[in-house]
Amino acid sequence: MVKITVEYQGDLHCLATHGPSGKTLETDAPVDNQGRGESFSPTDLVATALGTCMATVMGIQARTLGVDIKGIQIVVEKEMSADRPRRIVRLPVLLRMPAGIPEKHRATFERAAATCPVHHSIDPAIDSPLHFIWPE
């Protein structure tokens, strides 16, 4: 179990501390929801968690296969609802894969991304399609 401690600092800003490492990150409400947009919003962190989880799980798979995936670029676009309650409705993910990954391993990496713990934790009502770009 990992403990995250959140301190509300006022003016819609929070400071979160990761228990095991002591590292911190700040959040702010987005401009379209009364904030100043000076940092990640809480829902931005969901999109961030999705992209970083996919990269991490693919990195684990790369170690197992002896393949270098350094330089992978993952872009997650977060779309919020226009109606109430305010919620994430779509998290499309674009994965630009680096050159040099053997064709025989591509399906393994695609499966790893699709089965990362965060992707499995997202409500099925949230559309989260994956699109891989493999270099020629």
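Look up a bit, the structure's there.
Residues numbered from 1 in each chain as written. Predicted model: local features only at pLDDT ≥ 70, side-chain atom pairs only at ≥ 80, totals over all residues. Heavy atoms only, no water.

Side note on the nonpolar core
One finds M58, L95, M97 and F109 to be the most contacted residues of the largest nonpolar core, which totals 23 residues. Counting only elements with at least two residues in this core, the list comes to α1 (42–65), β7 (93–96) and α2 (106–114). The dominant element in this core, judged by the number of residues it contributes, is α1, at six residues. Not counting residues within four places of it along the chain, the set of residues in contact with F109 comprises M58, Q61, A62, L65, V67, I69, M97, I101, F132 and W134. (Core = buried A, V, L, I, M, F, W, Y, C linked by side-chain atoms within 4.5 Å. Buried < 20%, exposed > 50% of the residue type's maximum accessible area, 1.4 Å probe, protein only. Helix = DSSP H or I, 4+ residues; strand = E, 2+ residues; numbered from the N terminus. Contact = heavy atoms within 4.5 Å.)

Side note on the sheet that holds strand β8 (residues 130–133)
Reading across the sheet, the three strands line up as β4-β7-β8 and stay open at both edges, with mixed pairing between neighbours. The open sheet has two free edges, formed respectively by β4 (73–76) and β8, since each of these has just one partner strand. Each neighbouring strand pair of the sheet contributes to a mean axis angle of 15°, computed without reference to strand direction. In terms of strand pairing, β4 meets β7 through four bridges, oriented antiparallel. (Pairing = 2+ DSSP bridges. Axes fitted to C-alpha atoms, helices over the stretch in contact; angles between N-to-C directions.)

Here we look at the pattern of salt bridges
For the coordinates displayed, the defined rule picks out eight salt bridges. For D11, the salt bridge goes to R36, with nearest N and O atoms at 2.2 Å. Note that D11 is positioned in the loop between β1 (4–10) and β2 (13–18) and R36 in the loop between β3 (24–28) and α1, a separation of 25 residues in sequence. One salt bridge connects R90 with D127, and the closest N-O pair in it is separated by 2.8 Å. Here D127 lies in the loop between α3 (117–121) and β8 and R90 lies in strand β6 (residues 88–90), a separation of 37 residues in the sequence. Here the residues in one salt-bridge network are D11, R36 and E38, joined through shared partners. (Salt bridge = Lys/Arg side-chain N within 4 Å of Asp/Glu carboxyl O.)

Thoughts on the environment of R111
Summarising the element assignment, R111 is placed in helix α2. Counting along the chain gives 57 residues from R111 to M54, while the straight-line C-alpha distance between them is 10.0 Å.

Here we look at unusual backbone geometry
Following R84, the chain continues to P85 via a peptide bond in cis, the omega torsion being 0°. Locating P85 in the fold gives a position in the loop between β5 (79–80) and β6. Positive phi, normally seen in glycine, also occurs at L12, with a value near 70°. Mapped onto the secondary structure, L12 falls in the loop between β1 and β2. By relative accessible area, L12 is classed as partly exposed at 33%. Notably, Q34 is not glycine yet its phi reads approximately 75°, a positive angle. As for its placement among the helices and strands, Q34 is situated in the loop between β3 and α1.

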